[in-house]
2 protein chains.
Amino acid sequence: MAELVKVVVDAMGGDNAPGVTVQGAVDAVNENENIFIYLAGLKEAVSVELAKYTYDKSRIEIVETTEVIEMAEPPVNAIRTKKDSSIVKGMMMVRNGQADAFVSAGSTGAVLVGGQVLVGRIKGVERPPLAPLIPTDNAKGCSLLIDCGANVDARPSNLVQFAKMGSIYMESVMGIKNPKVGIVNIGAEEEKGNSLVKETFPLLKACPDINFVGSVEARDIPAGVVDVVVCEAFVGNVILKTYEGVGATLISKVKKGMMSTLRSKIGALLVKPALKETLKAFDLEQYGGAPMLGLNGLVVKTHGSSKAIEIKNSILQCLTFQEQGINDKIREQIQKRDVQ
Amino acid sequence: MAELVKVVVDAMGGDNAPGVTVQGAVDAVNENENIFIYLAGLKEAVSVELAKYTYDKSRIEIVETTEVIEMAEPPVNAIRTKKDSSIVKGMMMVRNGQADAFVSAGSTGAVLVGGQVLVGRIKGVERPPLAPLIPTDNAKGCSLLIDCGANVDARPSNLVQFAKMGSIYMESVMGIKNPKVGIVNIGAEEEKGNSLVKETFPLLKACPDINFVGSVEARDIPAGVVDVVVCEAFVGNVILKTYEGVGATLISKVKKGMMSTLRSKIGALLVKPALKETLKAFDLEQYGGAPMLGLNGLVVKTHGSSKAIEIKNSILQCLTFQEQGINDKIREQIQKRDVQ
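Residues numbered from 1 in each chain as written. Chains lettered and ligands numbered in written order. Predicted model: local features only at pLDDT ≥ 70, side-chain atom pairs only at ≥ 80, totals over all residues. Heavy atoms only, no water.

Novice: Tell me about the overall build of chain A, and name the residues and values.
Specialist: Looking only at helices and strands, chain A has 11 helices and 11 strands in total. Rg of the C-alpha trace for chain A: 21 Å, near the compact-globule value of 20 Å for 340 residues, within the 12% margin. Taken over the C-alpha atoms alone, chain A extends approximately 70 × 60 × 40 Å along its principal axes. Restricting the contact set of chain A to residue pairs at least 6 apart, pairs at least 24 apart contribute 72%. Summed over all atoms, the accessible surface of chain A reaches about 13,500 Å², with 52% contributed by carbon and sulfur. (Helix = DSSP H or I, 4+ residues; strand = E, 2+ residues; numbered from the N terminus. Rg over C-alpha atoms; globule rule 2.2 N^0.38 Å. Contact = heavy atoms within 4.5 Å. Areas by Shrake-Rupley, 256 points an atom, 1.4 Å probe, with all protein chains shown as cover.)

Structure (structure tokens):
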């Protein structure tokens, strides 16, 4: 039997915790026999939820915590003072090697700060990026947007590391051979862009470890022209959020349009099943969580509004990450650069 | 009779020139009797197109030019060397007061450079922004995205001017009383953001001439929570292009979904007319061109792929701009700031 991959789940994180976090954990354990889960949270609340399910009791264990970090709390302060919260205690378990990965639907800020401060960076990694998969129209149906985390005002060397780590992730986890890397820009030509992009472009071009294809305009991202979309966090956040916003507004407009006349209402009934199937492929939440790359262990951040299936997918993602030895590959790549 | 508003149309600009540019000009003249148009372009080519239509011959005049600036030409060089192009000659007419406005579907780079260098900035305006209307779900159905032009790496004081000019535009041209201004940010709180946003935020807050409502996350832009969306050009370009890309990909997915089964195909026939109507309201191109604000005269850039109706709308937009005395208002606001 393969060694169990140990994942700490932040049972208290997210809008629907601990109901969906516990359910997602149980579903993951029931679906895959190589997963072991620590559920970190308030003992009473977690136990009540856990009692509802049937599962292999040897593979889920409650880690009792007494504090909860709220969504709106200032992250640095929360991480510093709430030592007995599920986020701090869970991340410390990853740091100490008791667990391989940490999954949370809680405060993004606290997870990003905790990842850096508690779990810690792989030696040589300058900044750990948060890298969600976004739905695109390429063969795999998704691309990696790296970074959309906390690294605003990044430097060119940070972006080069994002490109390397992103390539490793897409090749090892998503199985895309020699993934295409593009840098987000406001035009296709090399001389275009702001100063960060202009400085980063030649560095990426000179990088032997990645398949750099040049600039990518935001217009072409949804078509999936590149597999790894490199940008600094502010721009990445804007892309991710515009994706969400335009998607939500357009789909609500389509629905409203279908309900506007009697004729269209009848048509809507006929169209609905097929449409639902197609649009599911363009749902930002289907891919589970966003990994925070370059840490001594894996931290996965899922949507605050995550349902059980997203929690489950985020947990299973940790298995692939571990099996593929992503962190060893990242370590090797980053150190290779150090020797240059 | 009101004084005629004189608009130079770049007859050679855009993918479909001079066919659609001439047609758009004729349509504008036929629709509104207060418009006079100079069609700048190769005489032979423009004359042939013009001969196809019936219109008031006293209100369209060809301005002969012998050179054409291509879409892919390096802008600065093109503006410097092609003195007898429609862009350079047309902009010089605005500069010299022979015309009030210039409309082009040609090279964005050349139009932006020409606007700054040839038409020139209003005294006190640091950088002239390019400010398209984007479709949103608010009462007016659109918001102003300012800037998505050439001003990458902008300074905080630039963004404050964008906020002021954008407010004037939305109030005077779109009739939105006391328009809401937001700065694009990666969170709602004042302490969030990159250094540019953090420095700009308190300046906007302290600005008495605008209705600043704080940060706006990109996710909320399509819902129309603010009327004036302030950002620097790189971010603005990313928002605009992500809008286009996600919109196009989603609509193609909806169409594909509808055509996937026999049942859905029948439904699609019934749904189509109503859906078309709703989606038209979310079409980026319906609003005509993007004005470049803060210049001694008006420059409007429309899509390279513009059809006649967009050229016509861009021309008519110049009329409102002129009638509302936008530039006098901008001059007054910017100078007010100088006195502080």
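Novice: Quick one: what's the story with the relation of the copies chain B and chain A, residue by residue and with numbers?
Specialist: For the pair chain B and chain A, the best superposition has an RMSD of 0.0 Å and corresponds to a rotation of 180 degrees with a translation of 0.0 Å parallel to the axis. Taken together, these values place the two copies in the relation of a two-fold axis. When each C-alpha of chain B is compared by its distance to the rotation axis, Gly267(B) comes out closest, at 1.9 Å. (Least-squares fit on C-alpha atoms with pLDDT ≥ 70 in both.)

Novice: Tell me about the interface of chain B and chain A, and name the residues and values.
Specialist: Taken together, the contacts link 51 residues of chain B with 51 residues of chain A. Approximately 4,700 Å² of surface area, both sides summed, lies buried where chain B meets chain A, with 72% of it carried by carbon and sulfur atoms. Taken together, chain B and chain A are joined by 6 salt bridges. We note a salt bridge from Glu244(B) to Arg219(A), for which the minimum N-O separation is 2.8 Å. At the surface where chain B touches chain A, the tally comes to 14 residue pairs in polar contact (both at pLDDT 80 or more). Examining the composition of the side of chain B that touches chain A, we find that 20 residues originate from one element, helix α8 (residues 233-258) of chain B, more than from any other. Residues belonging to the side of chain B that touches chain A are distributed by class as follows: 27 nonpolar, 15 polar and 9 charged. (Buried area = accessible area lost by both parts, 1.4 Å probe. Salt bridge = Lys/Arg side-chain N within 4 Å of Asp/Glu carboxyl O. Polar contact = N/O pair within 3.5 Å; in protein donor to acceptor, adjacent residues only side chain to side chain. Nonpolar A, V, L, I, M, F, W, Y, C, P; charged D, E, K, R; others polar.)

Novice: So, the side chain of Ser104(A): which residues are in play, and what are the values?
Specialist: All names here are of chain A. If you trace the backbone, serine 104 turns up in strand β4 (residues 101-104). Using a relative accessible area of 1% as the deciding quantity, one classes serine 104 as buried. If near-sequence neighbours (up to four positions away) are discounted, serine 104 is found in contact with Asp10, Ile87, Val111, Val300, Lys301 and Thr302. (Buried < 20%, exposed > 50% of the residue type's maximum accessible area, 1.4 Å probe, protein only.)

Novice: How would you sum up the sheet that holds strand β5 (residues 133-135) of chain B? Please name residues and give values.
Specialist: All names here are of chain B. Taken in spatial order, the 5 strands of this open sheet run β5-β6-β9-β7-β8, and their pairing is mixed. A single partner strand is all that each edge strand has here, and the edge strands are β5 and β8 (211-217). Ignoring strand direction, the axes of neighbouring strands in this sheet form an average angle of 35 degrees. Where strand β7 (residues 180-185) meets strand β9 (residues 228-230), 3 bridges bridge the pair, whose relative direction is parallel. (Pairing = 2+ DSSP bridges. Axes fitted to C-alpha atoms, helices over the stretch in contact; angles between N-to-C directions.)

Novice: How would you summarise the nonpolar core if you had to cite specific residues and measurements?
Specialist: Soluble globular proteins tend to bury their nonpolar side chains together. Core analysis: the biggest nonpolar cluster contains 182 residues, and Ile37(A), Leu39(A), Ile315(A), Ile37(B), Leu39(B) and Ile315(B) have the highest contact counts within it. Those residues in contact with Ile37(A) that sit more than four places away from it in its chain are Val7(A), Val9(A), Ala25(A), Ala28(A), Val29(A), Arg59(A), Ile60(A), Glu61(A) and Ile315(A). (Core = buried A, V, L, I, M, F, W, Y, C linked by side-chain atoms within 4.5 Å.)

Novice: Mind laying out the domain arrangement of chain A, listing which residues take part and the relevant values?
Specialist: Residue and element names in this part refer to chain A. If you check the domain split of chain A, you get domain 1 (5-125 + 294-327) and domain 2 (129-286). Computed from C-alpha atoms alone, the centre-to-centre distance between domain 1 and domain 2 is 26 Å. Listed by partner, the interface residues are 16 residues for domain 1 and 14 residues for domain 2. Carbon and sulfur atoms supply 60% of the area buried between domain 1 and domain 2, which totals about 1,200 Å² over both sides. Sorting the residues of domain 1 by area buried against domain 2 places Leu112, His303 and Ile326 first, and these three jointly supply 36% of that buried surface. In this structure, the connection of domain 1 to domain 2 is made through 0 salt bridges. In this assembly, domain 1 and domain 2 are joined by 2 residue pairs in polar contact (both at pLDDT 80 or more). (Domains from an automatic or database assignment.)

Novice: Provide a residue-level description of helix α2 (residues 43-50) of chain B, including the pertinent values.
Specialist: Residues and elements named next belong to chain B. Of all the residues in α2, the buried ones are Val46, Glu49 and Leu50. Seen from one end, α2 has its buried residues packed into an arc of 100 degrees, which puts them on one side. Buried residues in α2 make contact with α1 (19-31), β2 (35-41) and β3 (60-64). (Arc of directions from axis to C-beta.)

Novice: An account of the packing of aromatic side chains is needed here, citing residue identities and associated values.
Specialist: Per the stated rule, a full pass over the model turns up 6 aromatic pairs over all chains. For the ring pair Tyr169(A) and Phe321(A), a centre distance of 6.3 Å and an interplane angle of 45 degrees mean the geometry is tilted. Residue Tyr169(A) is found in helix α6 (residues 156-172), and its partner Phe321(A) is found in helix α10 (residues 308-323); the two are separated by 152 residues along the sequence. For the pair Tyr169(A) and Phe321(A), a shared accessibility class is recorded, and that class is buried. Seen in terms of ring centroids, Phe36(B) and Tyr38(B) are 4.9 Å apart; in terms of plane orientation they differ by 70 degrees. Their pairing is edge-to-face. There is no split in this pair, since Phe36(B) and Tyr38(B) are both buried. (Phe/Tyr/Trp six-rings, centres within 6.5 Å; stacked < 30°, edge-to-face > 60°.)

Novice: Give a detailed account of empty space enclosed by the protein, specifying residues and quantitative values.
Specialist: Across all of its chains, the model carries 3 cavities of 30 Å³ or more by this definition. Reported here for the largest cavity is a volume of approximately 50 Å³. Every residue along the wall of the largest cavity is listed here: Leu159(A), Ile183(A), Val184(A), Asn194(A), Leu196(A), Val197(A), Val230(A), Cys231(A), Glu232(A), Val235(A) and Phe234(B). Secondary-structure elements contributing two or more residues to the lining of the largest cavity are β7 (180-185) and α7 (195-205) of chain A. A breakdown of the residues in the lining of the largest cavity according to their chemical character gives 9 nonpolar, 1 polar and 1 charged. Reported here for the second largest cavity is a volume of approximately 40 Å³. Lining the second largest cavity, in full, are Asp10(A), Met12(A), Gly13(A), Val68(A), Ile69(A), Ser86(A), Ile87(A) and Gly106(A). Residue composition of the lining of the second largest cavity, by class: 4 nonpolar, 3 polar and 1 charged. (1 Å grid on protein atoms, 1.4 Å probe; cavity = no way out; pocket = protein on both sides within 12 Å on 5 of 7 lines; lining within 4 Å. Points joined across faces, edges and corners; volume = space filled by probe spheres on them.)

Novice: Describe the pattern of salt bridges, with residues and values.
Specialist: Throughout the structure, instances matching the rule amount to 24 salt bridges over all chains. Among the ionic contacts, a cluster of salt bridges with common partners joins Glu217(A), Arg219(A), Lys241(B) and Glu244(B).

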